[in-house]
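Observations on chain architecture
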Amino acid sequence: MSIRALGNGQPVDQVLASMEAMRTDDVRWRDGKCFTLAYSAGPEALALAEEAYRRFSGENALNTAAFPSLRAMQQDVVDTACGWVHGDDNTAGFMTSGGTESLVLAVRAAQKRAQREGRNLSNMNVVLPSSAHAALEKGADYFQVESRRVAVGADWRADVNAMSNAIDDETILVVGSAPQYPQGVLDPIDELASLAKERNINCHVDACMGGVTLTYLERLGEPIDPWDFRCDGVTSISIDLHKYGYTSKGSGVLVHRNKQLRSDQTFITNNWLGGMYGSSGILGTKSGGPIASSWAVMHHLGDDGYMRVTRSARESTLRIAQHIQNHPALELRAQPVSTLLSFGVTDVNRHDVFAIADTLISYGWYMDRQTPPDSVHLTVNAVHAPLVDEFLADLDRAVIESVGGNGTVGAYATTE
Ligand SMILES: *Cc1c(COP(=O)(O)O)cnc(C)c1O
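Calculation notes
Residues numbered from 1 in each chain as written. Predicted model: local features only at pLDDT ≥ 70, side-chain atom pairs only at ≥ 80, totals over all residues. Heavy atoms only, no water. Near = heavy atom within 4 Å. Polar contact = N/O pair within 3.5 Å; in protein donor to acceptor, adjacent residues only side chain to side chain. Helix = DSSP H or I, 4+ residues; strand = E, 2+ residues; numbered from the N terminus. Nonpolar A, V, L, I, M, F, W, Y, C, P; charged D, E, K, R; others polar. Phe/Tyr/Trp six-rings, centres within 6.5 Å; stacked < 30°, edge-to-face > 60°. Buried < 20%, exposed > 50% of the residue type's maximum accessible area, 1.4 Å probe, protein only. Lys NZ or Arg CZ within 6 Å of the ring centre and 35° of its normal. Pairing = 2+ DSSP bridges. Axes fitted to C-alpha atoms, helices over the stretch in contact; angles between N-to-C directions. Contact = heavy atoms within 4.5 Å. Core = buried A, V, L, I, M, F, W, Y, C linked by side-chain atoms within 4.5 Å. Domains from an automatic or database assignment.

1. A few points about the site of the ligand
Taken together, Gly 98, Gly 99, Thr 100, Leu 103, His 133, Tyr 181, Asp 206, Cys 208, Met 209, Asp 240, His 242 and Lys 243 make up the full set of residues adjacent to the ligand. Between an oxygen atom of the ligand and a side-chain N or O atom of Asp 240, the distance comes to 3.1 Å. In terms of residue count, helix 4 (residues 99-116) provides more of the shell around the ligand than any other element does, three residues in total. Residues belonging to the shell around the ligand are distributed by class as follows: four nonpolar, five polar and three charged.

Structure representation (structure tokens):
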């Protein structure tokens, strides 16, 4: 631990120059070198996202009575998301800061519903496949609910029978993903939702990755198993806008089947000296930046734009998946349902997939490593289309160069 004094103020140009110098080693996601963490629908959409964010970054959506602009934009964004997931007049949601806040709130909403309905539970649990996102673990930890993980099947999809067996009288929530992050496959949402409906408990669909992509893939004519409110029993769905909505960071939507279920995610109190205080999610002060950026990009791209970027990301994904499948040293974990895929090696005595990742990173690419099993994960988006050939050539080269090497075990995120 060290202590640093701020010192005297510096001119704007100097401050900006220092920041630009600090970012020289950052991954070049705008150039398509990065298969995780950042997304680009092209320079024009990016510039608009940043400009809209800049104009509203100081506005505060904690109280939209003061900012009717933010109220209108937020409502419009949520209503559009409700349409994407086949909601109806009862469907209602709120914008969140992204997938993690949405999932944490989905756990809290299930817990609050159980309390609201007078269920006297001392050891609440959520039943979720081993593939479901880590943020659900965070939600279970925050609210002291047991996370009951159920191993996925050989196809990496949620095992409905095993999940059914794991549910008991203290289960408050069943989760499925559309798609799940690690292997990019779609859980059998319809069947999971039925399990929840039979027991009158919540079923959350984590469509943080697929909410936009699966919607537009279906409109493009791809056969996609049902995963949204068309599945009877689904009570809430999370959709990230800062991923395949191509907006600035800090933007997601959590939608509920009706307003009563939505009320389980909100908090209101007057138990202090400051009067009535209510908020829809975890944040208090809430920047207008992500709201404005989302509204701007969504209206700039429109349905035709989302079809275009979705088709592009999907085509790149399929080309990469095909190449990996044909590669004798590489093993595609599963056929991707949307734009996420992962792969390992066919012979772990000869190759280490993390060494391959190290080599690719030394070439200037960036990607996630995950385990179990040891795999490289690619999140493919619209920025990648012009680079697929170059990436695949580098992948082939990296496989050869890293024979016998030992790679670095990576972590998805750090707590430094
Ligand atoms: C990214 C992701 C999340 C978490 O979202 P953040 O926006 O990173 O907080 C949740 N679920 C899935 C499937 C994801 O891919």
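From this point, the narrative continues.
2. Observations concerning the packing of aromatic side chains
Applying the stated criterion to the full structure yields 10 aromatic pairs. Taking the centre distance of 5.1 Å and the plane angle of 75° together, the rings of Tyr 39 and Tyr 244 count as edge-to-face. Note that Tyr 39 is positioned in the loop between helix 1 (12-22) and helix 2 (43-56) and Tyr 244 in the loop between strand 6 (236-240) and strand 7 (252-256), a separation of 205 residues in sequence. Side by side, Tyr 39 and Tyr 244 carry an identical accessibility label, which is buried. Relative to Phe 143, the ring of Tyr 142 lies with its centre 6.4 Å away and its plane at 90°, an arrangement referred to as edge-to-face. The class for Phe 143 is partly exposed, based on a relative accessible area of 24%. An aromatic cluster of three or more residues is present, and its members are Phe 35, Trp 365 and Phe 391. Here Lys 33 stacks its cationic end above the ring of Trp 365, 4.0 Å away from the centre of that ring. Across from the ring centre of Phe 143, 5.8 Å away, lies the NZ or CZ of Arg 108, which sits over that ring.

3. Notes on the sheet that holds strand 11 (residues 340-345)
Across the sheet, four strands lie side by side as 10-11-13-12; this open sheet has antiparallel pairing. The open sheet terminates on both sides in strands that have one partner only, identified here as strand 10 (330-332) and strand 12 (368-370). Averaged over neighbouring strand pairs, the angle between their axes works out to 35° when direction is ignored. Bridging between strand 11 and strand 13 (residues 375-379) involves four bridges; their strand directions are antiparallel. The partner of Ser 342 across the bridge, within strand 13, is His 377. Sitting on the sheet, helix 10 (residues 289-326) touches strand 10, strand 11 and strand 13, and the angle it makes with strand 11 is about 15°.

4. Considerations on the nonpolar core
Counting 62 residues, the largest nonpolar core has Trp 227, Val 234, Ile 237, Tyr 246, Val 255 and Tyr 306 as its most contacted members. The dominant element in this core, judged by the number of residues it contributes, is helix 10, at nine residues. Summarising the domain contributions, this core has at least three residues from each of domain 1 (49-298) and domain 2 (302-401).

Everything listed here is a matter of coordinates, which is why it stays silent on function.
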